[in-house]
Amino acid sequence: MYMYKAKSITPYLLLTIVPLIWGGNFIVGKALIDALPPFSIAAGRFLIAALILCPWLLIRKEKKKITGPLMLKIFIMGITGVFAFNSLLYIGLKYTTAINATLINSFNPIVTIYFSWLLLKENITLKQVLGSVISIVGIIIIESQGSWSVLYNLDFNAGDLIIFADTFIWAIFTVLGKNVMSYLSPLETTSFSIVAGLPFLVIVSGWELYHINITISWPVALGILYLGIFATVLAFVWYYKGIQAIGVAKAANFYNLIPVYSIFLASFFLQEKVLPWHVIGGFCVVLGIFVSSVKLNVTRQGEKARNILGSL
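Residues numbered from 1 in each chain as written. Predicted model: local features only at pLDDT ≥ 70, side-chain atom pairs only at ≥ 80, totals over all residues. Heavy atoms only, no water.

Engineer: I tried to follow the overall build of the protein chain on my own but got confused; where do I start?
Structural biologist: Assigned secondary structure in the protein chain consists of 13 helices and 0 strands. Counting from the amino terminus, the protein chain carries its helices and strands in the arrangement α-α-α-α-α-α-α-α-α-α-α-α-α. If you sum the accessible surface of the protein chain, you get close to 16100 Å²; carbon and sulfur atoms cover 72% of it. (Helix = DSSP H or I, 4+ residues; strand = E, 2+ residues; numbered from the N terminus. Areas by Shrake-Rupley, 256 points an atom, 1.4 Å probe, with all protein chains shown as cover.)

Structure, rendered in structure tokens:
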């Protein structure tokens, strides 16, 4: 009984930790951006991940055959989640503000849930939709600083449209990963997608480094190691483990924990103040995740119990 409960809790625990790691990515990325150009940061991050995962791919005992259709899906995952998502995020931030980018990116779970219904035929419940809406309200409260006038004065531009397009790219990456994991493990899915997308990052990074002189210090090297080991290998594998266990629709809502964690990490490491709207917005995000995930899980377990009792 204890092992069953632990097994059922584990995906939710992993999906709670992953946004914390990705929230740390914003802190580390902010520290690195003055020392390295953006594509080179991304290339270094996924290069470290590839150096860890590729040897494992070569020595693993059970080597599954990668057929044409599966290879195409992995290639699209590499282009979307590894290369395009990061590239468009940085390009969009050149033309828009961080507040606009985070607010627009908060629509990611809604897009992902819709894609999971459209492409994977996952059942979408009213609780999942309601949870997503509550989480988005929390993000809006955080980003608007609790003031409608801030939202009213937001100036949307080309960068905002790029960030909005990025939410669709991450949704495609997430949904394809769920489909690929019907044949491959989360670790294999992550490894192959990184191998597929890394060459494109290396090419663009090479162009950047050809035009810019950089010096790699120890803090910069440690930052890249964090991004490669934690924000890529661990976070991507755990993210897909969570998706594999509870589905895309419920897992997507945990993505909205990223800005909540980022606020408190920035407070600790960058001495930025945590204000009332941060707490209220963060509570809404967590409440949305609870509504869409925990209550739904309890309801299903209750239905199973009733079915068992009814059969006695």
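From this point, things continue past the structure.
Engineer: When you look at the packing of aromatic side chains in this model, what are you seeing that I'm missing?
Structural biologist: The full count for this structure, using the stated rule, is 17 aromatic pairs. Centroid distance Tyr 12 to Phe 254: 6.2 Å. Interplanar angle 50°. Geometry classified as tilted. With Tyr 12 in helix H1 (residues 2–32) and Phe 254 in the loop between helix H11 (248–252) and helix H12 (257–270), this pair connects stretches of sequence that are 242 residues apart. Taking the centre distance of 6.0 Å and the plane angle of 50° together, the rings of Phe 83 and Phe 200 count as tilted. Within this pair, whereas Phe 83 is found in helix H3 (residues 68–95), its partner Phe 200 is found in helix H9 (residues 186–211), the two being separated by 117 residues in sequence. Linked through ring pairs, Trp 22, Phe 46, Phe 85, Trp 170, Phe 173, Phe 236, Tyr 239 and Tyr 240 together constitute an aromatic cluster. (Phe/Tyr/Trp six-rings, centres within 6.5 Å; stacked < 30°, edge-to-face > 60°.)

Engineer: Is there a simple way to explain the nonpolar core in this structure?
Structural biologist: Nonpolar side chains in soluble globular proteins tend to be buried together. Ranked by internal contacts, the top residues of the largest apolar core, which has 62 residues, are Trp 22, Trp 170 and Leu 201. When residues in this core are grouped by element, the largest group, 11 residues, is from helix H10 (residues 218–246). Each residue touching Leu 201, except ones within four places of it in the same chain, is listed here: Phe 39, Ala 42, Ala 43, Phe 46, Val 82, Phe 83 and Ser 87. (Core = buried A, V, L, I, M, F, W, Y, C linked by side-chain atoms within 4.5 Å. Buried < 20%, exposed > 50% of the residue type's maximum accessible area, 1.4 Å probe, protein only. Contact = heavy atoms within 4.5 Å.)

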